[in-house]
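# Structural description and commentary
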Amino acid sequence: FFVPTWFNPAELTEDQVLLLLESLEEKIVSQQLKLVREHAPHLAQHQGATGGYVDLVSFTQEKEEKLTIAMVEMSGVKLQKDGSATCVAEAFLAAAALYVSLYVLNLLSN
């Protein structure tokens, strides 16, 4: 698969980049982008708080769900199977970097 040389994941960890590549292979980037996009306003308003509801139903396989949870949790957002979410104070910037990366990969993969 194609990964552009100008793709600079400066704000992402190496593990997140590897999970992004796996997400690209699994063809779930658009679902992950939607999930992060829908919850970015909550992260911005409630840093360090518990709350919000994350719908993981759109992931049809457990592997997809686990991959998504792992990637999002590396951004400082703890997702629970019941849909609740808790985020640390620094989560918004990390989630923003994840969102931008997902957005670019989604554009390139379509």
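In the nomenclature of an unreviewed UniProt entry, the chain is known as GSDA3 protein of Hemiprocne comata.

## Describing the nonpolar core
Core analysis: the biggest nonpolar cluster contains 24 residues, and Leu20, Val72, Val77, Leu98 and Leu102 have the highest contact counts within it. Looking at this core, the elements that each hand over two or more residues are helix H1 (14-26), helix H2 (29-45), helix H3 (62-73), strand E2 (77-79), strand E3 (84-87) and helix H4 (91-109). If you tally residues by element for this core, the top one is H4, at five residues. With residues up to four places along the chain from it excluded, the contact list for leucine 20 reads Leu12, Met71, Leu98, Ser101, Leu102 and Leu105.

## Overview of unusual backbone geometry
Peptide bonds are mostly trans, and most non-glycine residues show a negative phi. A positive phi is found at lysine 27, a non-glycine position, where the angle reads about 60 degrees. Relative to the helices and strands, lysine 27 resides in the loop between H1 and H2. For lysine 27, a relative accessible area of 70% corresponds to the exposed category.

## Structural notes on the environment of glutamine 31
Mapped onto the elements of the fold, glutamine 31 is located in helix H2. Residues glutamine 31 and asparagine 106, spaced 75 residues apart in sequence, show a C-alpha to C-alpha distance of 9.5 Å.

## Some thoughts on H1
Counted at 1.5 Å a residue, the expected span for H1 with its 13 residues is 18 Å, and the 18 Å between its end C-alpha atoms agrees. Among all positions in H1, only Gln16, Val17, Leu19, Leu20, Ser23 and Leu24 are buried. Buried residues of H1, seen end-on, are gathered within an arc of 160 degrees and therefore sit on one face of the element. Immediately beyond the C-terminal end of H1, within one or two residues, lies lysine 27, with a positive phi of roughly 60 degrees.

## A few points about the side chain of serine 23
Structurally, serine 23 can be placed in helix H1. Among residues more than four places away in sequence, those in contact with serine 23 are Ile28, Val29, Gln32, Leu67 and Met71.

## Regarding the pattern of salt bridges
Think of it this way: side chains of opposite charge can pair up when their charged atoms draw near. Throughout the structure, instances matching the rule amount to two salt bridges. One salt bridge connects glutamate 26 with lysine 63, and the closest N-O pair in it is separated by 3.0 Å. Here glutamate 26, found in helix H1, pairs with lysine 63, found in helix H3; they are 37 residues apart in sequence, far enough to count as distant. Judged by relative accessible area, which is 44%, lysine 63 ranks as partly exposed. For glutamate 62, the salt bridge identified is with lysine 66, shortest N-O distance 3.1 Å. Within this pair, glutamate 62 and its partner lysine 66 are both found in helix H3, separated by four residues, close to a single helical turn.

Cut-offs applied
Residues numbered from 1 in each chain as written. Predicted model: local features only at pLDDT ≥ 70, side-chain atom pairs only at ≥ 80, totals over all residues. Heavy atoms only, no water. Core = buried A, V, L, I, M, F, W, Y, C linked by side-chain atoms within 4.5 Å. Buried < 20%, exposed > 50% of the residue type's maximum accessible area, 1.4 Å probe, protein only. Helix = DSSP H or I, 4+ residues; strand = E, 2+ residues; numbered from the N terminus. Contact = heavy atoms within 4.5 Å. Expected span 1.5 Å × (residues − 1). Arc of directions from axis to C-beta. Salt bridge = Lys/Arg side-chain N within 4 Å of Asp/Glu carboxyl O.

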